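Chains, contacts and geometry: an overview
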Amino acid sequence: MWKEFKEFALKGNVLDLAVGVIIGGAFGVIVKSLVDDIIMPLVGIIIGGINVSDLAIKVGEATLKYGLFLQSIINFLIIAFSIFMFLKVANTLMRKRGQEAEVVEAVEETKTEQYLKEIAELLAEKKA
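A quick note: this is a predicted structure, and the numbers were derived from the prediction, not measured.

What to know about the overall build of the chain
Summing up its helical and strand segments, the chain has three helices and two strands in all. Mapped from its N terminus to its C terminus, the chain presents α and β elements in the order α-α-β-β-α. When burial is assessed residue by residue, the chain has 9% of its 128 residues classed as buried. In the chain, the proportion of contacts linking residues at least 24 apart, taken out of those at least 6 apart, comes to 44%. Summed over its atoms, the accessible surface of the chain is roughly 11000 Å², and 69% of this surface lies on carbon and sulfur atoms.

A short note on the packing of aromatic side chains
Tallied over the full model, the rule gives one aromatic pair. Ring centres 6.5 Å apart and planes at 35° place the aromatic pair phenylalanine 81 and phenylalanine 84 in the tilted group. Of this pair, phenylalanine 81 and phenylalanine 84 both sit in helix 3 (residues 66-127), three residues apart, which is roughly one turn of the helix. The partly exposed category is assigned to phenylalanine 84, whose relative accessible area is 47%.

Some thoughts on the side chain of asparagine 75
Looking at the element boundaries, asparagine 75 is found in helix 3. Exposure remark for asparagine 75: the relative accessible area of 11% places this residue in the buried category. If sequence neighbours within four positions are ignored, asparagine 75 has contacts with Val31, Lys32, Val35 and Asp36.

Looking at the nonpolar core
Within the largest apolar cluster, five residues are counted, these being Val31, Val35, Met40, Val52 and Ile78. Considering every element that reaches this core, the biggest residue donor is helix 2 (residues 12-46), with three residues. Aside from chain neighbours lying at most four places away, what touches valine 31 is Asn75, Ile78 and Ile79.

Here we look at the pattern of salt bridges
The tally for this structure, following the rule as stated, stands at one salt bridge. Taking the shortest distance from any N to any O, the salt bridge between lysine 32 and aspartate 36 comes out at 2.6 Å. Pair noted here: lysine 32 and aspartate 36 are both in helix 2, with a separation of four residues, about one helical turn. Given a relative accessible area of 25%, aspartate 36 falls into the partly exposed group.

Definitions and limits used
- Residues numbered from 1 in each chain as written.
- Predicted model: local features only at pLDDT ≥ 70, side-chain atom pairs only at ≥ 80, totals over all residues.
- Heavy atoms only, no water.
- Helix = DSSP H or I, 4+ residues; strand = E, 2+ residues; numbered from the N terminus.
- Buried < 20%, exposed > 50% of the residue type's maximum accessible area, 1.4 Å probe, protein only.
- Contact = heavy atoms within 4.5 Å.
- Areas by Shrake-Rupley, 256 points an atom, 1.4 Å probe, with all protein chains shown as cover.
- Phe/Tyr/Trp six-rings, centres within 6.5 Å; stacked < 30°, edge-to-face > 60°.
- Core = buried A, V, L, I, M, F, W, Y, C linked by side-chain atoms within 4.5 Å.
- Salt bridge = Lys/Arg side-chain N within 4 Å of Asp/Glu carboxyl O.

Right under this line is the structure:
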């Protein structure tokens, strides 16, 4: 059982997922700081010095802190957009590498065909 667990835990996909989760968490903290410390103060200045996270409505005994909810939505949108842009750049680079590999393969095939033709011509000349 220990051996099976060890094989499972050390599979490439599990390790890749773990690394992705850790990096994603760190990325989330960075983006949250960007939003909380840079973007939201600027938004507050633009909308008249209001701190969005302080927005709330008191209903009876309860306080509805919709400003924190709005800030969470903004955080999510910025994180989602950042990940989208990162993946878009990564996919573009991967496509370019794939196209370069295809071009190299096509050129190599052409050279191989040329060499085979030359060999066939030389053999034909020797027979004649």
